[in-house]
Amino acid sequence: MTDRYAVIGNPIEQSKSPLIHTAFAQVTGQDIEYTKVLGPLGGFAQAVDAFRLAGGRGMNVTAPFKLDAFAYATDLAPSAQLAGAVNAMKFDGDKVYAENFDGVGLVRDLVHNLGCSLQGRRVLILGAGGATRGALLPILAQGPAEVVIVNRTAVKAQELADLARQHRSGAVPVSGMGYTDVTGAFDVVLNATSASLTAELPPLSLAVFAPACLAYDLTYGKGLTPFLKLAGQAGVKRLADGVGMLAEQAAEAFAWWRGVRPDTRNVIEQLTVPLI
């Protein structure tokens, strides 16, 4: 019997999730159907209820419903609790299990696909929104030397740094600040702001990029974003966007649902847009 899964969002036509999960099902021999659900604004719960009643087994969640999914879930994983947002749900009777795989997908792309170890590195994260919240615990688990969160509103970065310390006590220093307070150069700089979606540039100094730095934009399919162009002007040779993160978080959800983790290389190659 074919098991049903879907991604819910609004808008939803742009989603690559059906392509990705269908490809995963083919290479792993899983009998699933994966579709898109256009969730009405203000009608998330009703749309998910209808999908579950029709036999749905799980859903990915994209904008603007990640907070709605957080409220809808009955059982929240620690990743979802810290992020305050959910990007994958699994249904079992009355139970709605919820995860946020964005952070683990990012780390897997950095470490396994790009060969960028975070251990002992200085890591700078731009933005203090949901993407950064989801990424913090997986990044800290890699044992970096330091993690700095920078945001236009410094207090939001400071609050997120405090929250991270509460969830994970350890030797990794975590701090939050405004852009003008950032000092020193970093080995990994991650743009987790929404600036690239509107072709804007975060107010970042060229001095933050270490000579052998990896500059990574969590958005994907935008080519050479203003952030990546800035890194290039600073002499950074290692540039990447978030296509690998997209594929890896999808693979985590697929493994959570189906018990088998697909290889992501072909999907990443298929979705990659040259950084030009």
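Scroll up to find the structure.
First, a word on scope: everything that follows refers to the structure included in this document.

Definitions and limits used
- Per chain, the residues get numbers from 1 upward, laid out in the order the sequence is written.
- Where local features are concerned, this predicted model is filtered to residues with pLDDT of at least 70; where side-chain atom pairs are given and counted, the filter is 80 or more; whole-chain, interface and lining totals use all residues.
- Side-chain figures throughout are based on the complete set of non-hydrogen atoms in the structure, without hydrogens or water.
- Two strands pair if DSSP finds at least two bridges between them.
- Helix and strand definitions follow DSSP, with helices as H or I runs of at least four residues and strands as E runs of at least two, each counted in order from the N terminus.
- In what follows, residue pairs with any heavy atoms lying within 4.5 Å of each other are defined as contacts.
- Between N-to-C directions, angles span 0 to 180 degrees; the directions come from axes that are lines fitted to C-alpha atoms, helices contributing only their stretch in contact.
- We define a salt bridge as a side-chain nitrogen of Lys or Arg found within 4 Å of a carboxyl oxygen belonging to Asp or Glu.
- Buried means the residue's accessible area, taken with a 1.4 Å probe over protein chains only, is under 20% of the maximum for its type, while exposed means over 50%, and partly exposed covers the values in between.

## Things to note about the sheet that holds strand β6 (residues 95-99)
Alright, step 1. The sheet built from six strands is open, its strands ordered β2-β1-β3-β5-β6-β4 with mixed pairing. In this open sheet, the two strands that pair with only one neighbour each are β2 (32-38) and β4 (75-76).
Alright, step 2. Of the pairings in the sheet, the one linking strand β1 (residues 3-9) to strand β3 (residues 56-61) comprises five bridges and is parallel in character. Residue pairing for β3: valine 7 is matched across the bridge by asparagine 60.
Alright, step 3. Along the sheet, helix α1 (residues 17-28) makes contact with β1, β2 and β3, crossing β2 at roughly 170°.
Alright, step 4. Taken strand by strand, helix α2 (residues 44-53) contacts β1, β2, β3, β5 (88-92) and β6, and its axis lies near 145° from that of β3.

## Describing the pattern of salt bridges
Alright, step 1. Evaluation of the coordinates by the stated rule reveals twelve salt bridges.
Alright, step 2. Between aspartate 102 and lysine 66 there is a salt bridge whose closest N-O contact spans 3.2 Å. Placement of aspartate 102 in helix α5 (residues 102-113) and of lysine 66 in helix α3 (residues 66-72) is noted, with a sequence separation of 36 residues between them.
Alright, step 3. On the basis of relative accessible area, aspartate 102 is assigned to the buried category, the value being 13%.
Alright, step 4. Its relative accessible area of 26% is what places lysine 66 among the partly exposed residues.
Alright, step 5. In this structure, glutamate 146 engages arginine 122 in a salt bridge whose closest nitrogen and oxygen atoms are separated by 2.9 Å. Residue glutamate 146 is found in strand β8 (residues 146-150), and its partner arginine 122 is found in strand β7 (residues 122-126); the two are separated by 24 residues along the sequence.
Alright, step 6. Owing to a relative accessible area of 21%, glutamate 146 belongs among the partly exposed residues under this scheme.
Alright, step 7. Residue classification places arginine 122 among the partly exposed residues on the basis of a relative accessible area of 22%.

## Digging into the sheet that holds strand β10 (residues 186-191)
Alright, step 1. One open sheet holds the six strands; their spatial order is β9-β8-β7-β10-β11-β12, and the pairing between them is parallel. Both outer strands of the open sheet, β9 (174-177) and β12 (238-241), are each paired with one neighbouring strand and no more. Across the sheet, the mean angle from the axis of one strand to that of its neighbour is 20°, orientation sign disregarded.
Alright, step 2. Across four bridges, strand β11 (residues 209-217) lies against β12 in parallel orientation. Counterpart to alanine 215 in the pairing with β12 is leucine 239.
Alright, step 3. Of the strands in this sheet, β10, β11 and β12 touch α5, which is tilted by about 135° from β11.
Alright, step 4. Contacts from helix α7 (residues 154-167) reach β8 and β9, with the element oriented near 165° to β9.

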